[in-house]
Amino acid sequence: MEFDLEDPLVSLEEEQTFTISELFASESEHVPSPNCLTSTHFRVFCCEAISLILQVQVSCKLDPFVAYLAINYLHRFMSSQEIPQGKPWFLRLVVISCLSLASKMKNTTLSFLVIQKEGCYFKAQSIQRMELLILGALKWRMRSITPFSFLHFFISLAEIKDQSLKQALKSRASEIIFNAQNDIKLLEYKPSTVAATALIFASHELFPQQYSILRASITASEYLDGETLSKCFDLMQDMMRMEAKELMIDTSFLSTETPVSMLERNTKRQRI
Amino acid sequence: MEKTGVLSAKEAFEKLEKVGEGTYGKVYRAREKATGKIVALKKTRLHEDEEGVPPTTLREVSILRMLSRDPHVVRLMDVKQGQNKEGKTVLYLVFEYMDTDLKKFIRSFRQSGETIPPHIIKVILSICPSIFNIRFFFVHLFLSIWLQSLMYQLCKGVAFCHGHGILHRDLKPHNLLMDRKTMMLKIADLGLARAFTVPIKKYTHEILTLWYRAPEVLLGATHYSMAVDMWSVGCIFAELVTKQALFPGDSELQQLLHIFRLLGTPNEDVWPGVSKLMNWHEYPQWNPQSLSTAVPSLDELGLDLLSQMLKYEPSKRISAKKAMEHVYFDDLDKRHL
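Residues numbered from 1 in each chain as written. Chains lettered and ligands numbered in written order. Predicted model: local features only at pLDDT ≥ 70, side-chain atom pairs only at ≥ 80, totals over all residues. Heavy atoms only, no water.

A. Representation of the UniProt feature "binding site: ATP" (unreviewed entry) in chain B within the structure. Feature annotation in UniProt places "binding site: ATP" (unreviewed entry) on Lys42 of chain B, given in this structure's numbering. By the secondary structure assignment, Lys42 of chain B is in strand β3 (residues 38–45). (UniProt positions renumbered as here; feature names shortened; annotations may be inferred. Helix = DSSP H or I, 4+ residues; strand = E, 2+ residues; numbered from the N terminus.)

Okay, structure coming up:
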């Protein structure tokens, strides 16, 4: 059966109750270790690497879940390593290896040649060596538990009857999660917390009248900590204000910049 | 690029003895030097690939890492990388060590002679136990008590795998590890046969795995379902009772004929779609026999559960989760399982 980021542990809906508590119990194994989050080197390295991954996503027309998974591997790996100085090739090799591993987990064909067409060329042997290094650091836990894994569960708590409404909610929450991956600060929060926050935002945007019901049912969940959820909410709110502001600026200048250029500019700003 | 303090597989473990070899590569009983803990090391060469680590290896090891949370799936504790004499990368999968498997366990009971039905044992025990050879008597009493427990643990482990969308596909007594002291049973070799295939004589391979293979697989169905594992569970259930394989075929055709002789040759009435399967042919027409002719000492509830595991139509076969709820297990103390 195919590995699905939305259901890394569950493939049949009828079996959900069998494993939902296990999903929450396991998620801490799939996040970067906390110490790295205050490191400037970590943030700079990861911002550059994410920018590269998203460029490859655009140029190779990758499934966004592949890029998301690759970024998860990147964060987990780099949080367990010293950031090497003076080795510019290292960043690119890590990016290629994370993308390669993610595409294999998603059963996507992604040739080394295609990934590397715009940069220096690494031998397959070098990439395999880096892949094995990453696998060892991540203890081969590659079926990552991400915010997408929790969306179905939280939506089910609200007991929404309308299927198209549920689907719209899930789609918008997923979009919010994809956009949020650029911000390193979110790494402080567990995937389930990020998922809950994204859903609350999505419901507020799409269905204001349903908002209070959904928010109440999500925050009542025994698996979530209210205070942490509140902090995550504030952070995501700031991020979304920033996103809206940038959109206005771009529109007012009738910019023809590509998404890649926007990402590059975002990266530079984050570095300052 | 080795991190300081990280030991290679050879440095971290002392190999004590080779305990197995097969489709999964070599298996060693070993001691972890740092802790003194006994583990099972499964060694497999990582095949060189133009695209790095093979996807099947990556996906299967990731599955094992995930499934290792259940007490009825053998625990993959670590994955170590090493190099063999030719400088090729080798993976060592570090598993918890289990001292025996169900195949050896069954064989140890086969040497005790004919089976006495559990319900008769209970009657005799209450009347006059002294007239029997004590060892012979208690060996069979022991097994009849543990039959339910072992079967329940097997269903629970399979339910856990299926709940995660994972099929085993090769359930057989050899792949069910046991701890004799605690009578705990654990499923092993999940996906390993596929991910770490080592060239092996086809005849031997088929002998080893045909006996537990579901009829839809033998008939060439291309879409497997979880039901293929439940067929294997049923065959193992019967074998635990009789100490003999239920369907010991030595070729795919003979395997099918063994099945048809007992359960009747299937037709479109009992199994819609069967005649359209790729390997379907004309077969001798047998009528179904009662399961009690094959498993005479199993009680009525056990026979009912077994019959539901051996339904021809895959979608009608009982699921592992439903099997756990069957009345056959009602009087089993499940608190520690």
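Having seen the model, we can carry on.
B. Fine view of the confidence of the model for chain B. Residues and elements named next belong to chain B. Residues with a pLDDT of 70 or more make up 80% of chain B, whose mean pLDDT is 82. Mean pLDDT in chain B bottoms out at helix α6 (residues 192–195), which sits at 39, and peaks at helix α12 (residues 300–309), which reaches 97. Segment residues 1–5 is flagged for pLDDT under 50; beyond a separation of four residues in sequence, or across chains, it makes five contacts in the model. Note on residues 192–207: pLDDT under 50 across the span, and 28 contacts to partners over four residues away in sequence or across chains. (pLDDT = per-residue confidence, 0-100. Contact = heavy atoms within 4.5 Å.)

C. Expanded view of a positive patch on the surface. Together, Lys10, Lys15, Lys26 and Lys85 of chain B line one region of the surface with positive charge. Within the fold, Lys15 of chain B resides in strand β1 (residues 13–22). (Patch = residues over 30% accessible without salt bridge, like charges linked within 9 Å, V, L, I, M, F, W, Y side chains within 5 Å. Areas by Shrake-Rupley, 256 points an atom, 1.4 Å probe, with all protein chains shown as cover. Salt bridge = Lys/Arg side-chain N within 4 Å of Asp/Glu carboxyl O. Lys, Arg positive; Asp, Glu negative; His and termini not counted. Charge placed at Lys NZ, Arg CZ, Asp CG, Glu CD.)

D. Molecular detail of the packing of helix α3 (residues 102–110) of chain B against helix α9 (residues 227–242) of chain B. Residue and element names in this part refer to chain B. Interaxial distance between α3 and α9 falls to 9 Å at its minimum, and their mutual angle equals 30°. Viewed along their axes, α3 and α9 adopt a mutual orientation that is roughly parallel. Contacts between α3 and α9 involve Leu102, Ile106 and Arg110 from the first element and Ile236, Glu239 and Leu240 from the second. Grouping the constituent residues of the contact of α3 with α9 by class yields four nonpolar, no polar and two charged. (Axes fitted to C-alpha atoms, helices over the stretch in contact; angles between N-to-C directions. Parallel < 35°, antiparallel > 145°, perpendicular 65-115°, else oblique. Nonpolar A, V, L, I, M, F, W, Y, C, P; charged D, E, K, R; others polar.)

E. Looking closely at empty space enclosed by the protein. Residue and element names in this part refer to chain A. Following the criterion strictly, the structure yields five cavities of 30 Å³ or more and no others. As a volume, the largest cavity reaches approximately 270 Å³. Residue assignment for the lining of the largest cavity shows that the elements contributing at least two residues are α3 (64–78), α8 (163–180) and α9 (191–206). If one sorts the elements of the lining of the largest cavity by residue count, α3 sits on top with four residues. (1 Å grid on protein atoms, 1.4 Å probe; cavity = no way out; pocket = protein on both sides within 12 Å on 5 of 7 lines; lining within 4 Å. Points joined across faces, edges and corners; volume = space filled by probe spheres on them.)

F. Broad picture of a negative patch on the surface. Residue and element names in this part refer to chain B. A cluster of acidic side chains, namely Asp299, Glu300, Asp304, Asp330 and Asp331, defines a negative patch on the protein surface. Note that Asp330 resides in the segment after α13 (320–324). The exposure class of Asp330 is exposed, given its relative accessible area of 53%. (Buried < 20%, exposed > 50% of the residue type's maximum accessible area, 1.4 Å probe, protein only.)

G. Focus on the sheet that holds strand β7 (residues 176–179) of chain B. Residues and elements named next belong to chain B. The sheet built from three strands is open, its strands ordered β6-β7-β8 with antiparallel pairing. The two strands at the open ends of the sheet, each matched to only one other strand, are β6 (100–101) and β8 (184–187). As paired strands, β7 and β8 are joined by four bridges and run antiparallel to one another. Bridge assignment links Asp179 to a residue of β8, and that residue is Met184. (Pairing = 2+ DSSP bridges.)

H. Layout of the pairing of β3 of chain B. Residue and element names in this part refer to chain B. Examined bridge by bridge, strand β2 (residues 25–32) and β3 share six bridges and lie antiparallel to one another. Among the inter-strand pairings, Lys26 is bridged to a residue of β3, identified as Lys43. Once β2 ends, the chain turns through five residues before running back antiparallel as β3, passing Gly36 with a positive phi of about 80°. Note that β3 and strand β5 (residues 89–96) share seven bridges and pair antiparallel.

I. Molecular detail of the pattern of salt bridges. All told, the structure shown has 16 salt bridges over all chains when counted by the stated rule. One salt bridge connects Glu205 of chain A with Arg172 of chain A, and the closest N-O pair in it is separated by 2.7 Å. With Glu205 of chain A in helix α9 and Arg172 of chain A in helix α8, this pair connects stretches of sequence that are 33 residues apart. Here Glu205 of chain A falls in the partly exposed class, since its relative accessible area comes to 39%. Lys104 of chain B serves as the salt-bridge partner of Asp101 of chain B, at 4.0 Å between the closest nitrogen and oxygen. Here Lys104 of chain B falls in the partly exposed class, since its relative accessible area comes to 43%.

J. Quick look at the pairing of β5 of chain B. Residue and element names in this part refer to chain B. Along β5, eight of the eight residues are buried, which leaves the element largely enclosed by surrounding structure. Strand direction decides the pairing type here: strand β4 (residues 76–83) and β5, joined by seven bridges, are antiparallel. Pairing of Lys80 across the sheet is with Tyr92, part of β5. Between β4 and β5, which pair antiparallel in sequence order, lie five residues; one of them, Gly87, sits at a positive phi of approximately 80°.

K. Quick peek at unusual backbone geometry. All names here are of chain B. Even without being glycine, Arg169 reaches a positive phi, approximately 80°. By the secondary structure assignment, Arg169 is in the loop between α5 (134–163) and β7. Judged by its relative accessible area of 40%, Arg169 falls in the partly exposed class. Unusually for a residue other than glycine, Lys243 sits at a positive phi of about 70°.

L. Representation of α12 of chain B within the structure. All names here are of chain B. Regarding α12, the residues found buried are Gly302, Leu303, Leu305, Leu306 and Met309. Axial view of α12: buried residues confined to an arc of 165°, hence all on one face. Backbone nitrogen of Leu301 and a side-chain oxygen of the N-cap are separated by 3.2 Å at the start of α12; the cap is Asp299. (Arc of directions from axis to C-beta. Polar contact = N/O pair within 3.5 Å; in protein donor to acceptor, adjacent residues only side chain to side chain.)

M. Just the nonpolar core, in detail. Ranked by size, the top nonpolar core spans 135 residues in total, and within it Leu74 and Met78 of chain A together with Leu102, Phe237 and Met309 of chain B carry the most contacts. Looking at this core element by element, the count peaks at 11 residues for helix α4 (residues 88–105) of chain A. Leu23, Phe201, Ala202 and Met240 of chain A belong to the second-largest nonpolar core, a separate cluster that totals 43 residues. (Core = buried A, V, L, I, M, F, W, Y, C linked by side-chain atoms within 4.5 Å.)

N. Summary view of the packing of helix α7 (residues 148–157) of chain A against α8 of chain A. All names here are of chain A. Orientation of α7 relative to α8, taken along the N-to-C sense of each, is 145°, at an axis distance of 11 Å. In this structure, α7 meets α8 at a crossing whose hand is right-handed. Across from Phe148, Leu151 and Ile155 in α7, the residues of α8 making contact are Lys166, Lys170, Ala173, Ser174, Ile177 and Phe178. Among the residues making up the contact of α7 with α8, the classes are represented as six nonpolar, one polar and two charged. (Left-handed = near helix turned anticlockwise from the far one by under 90°.)

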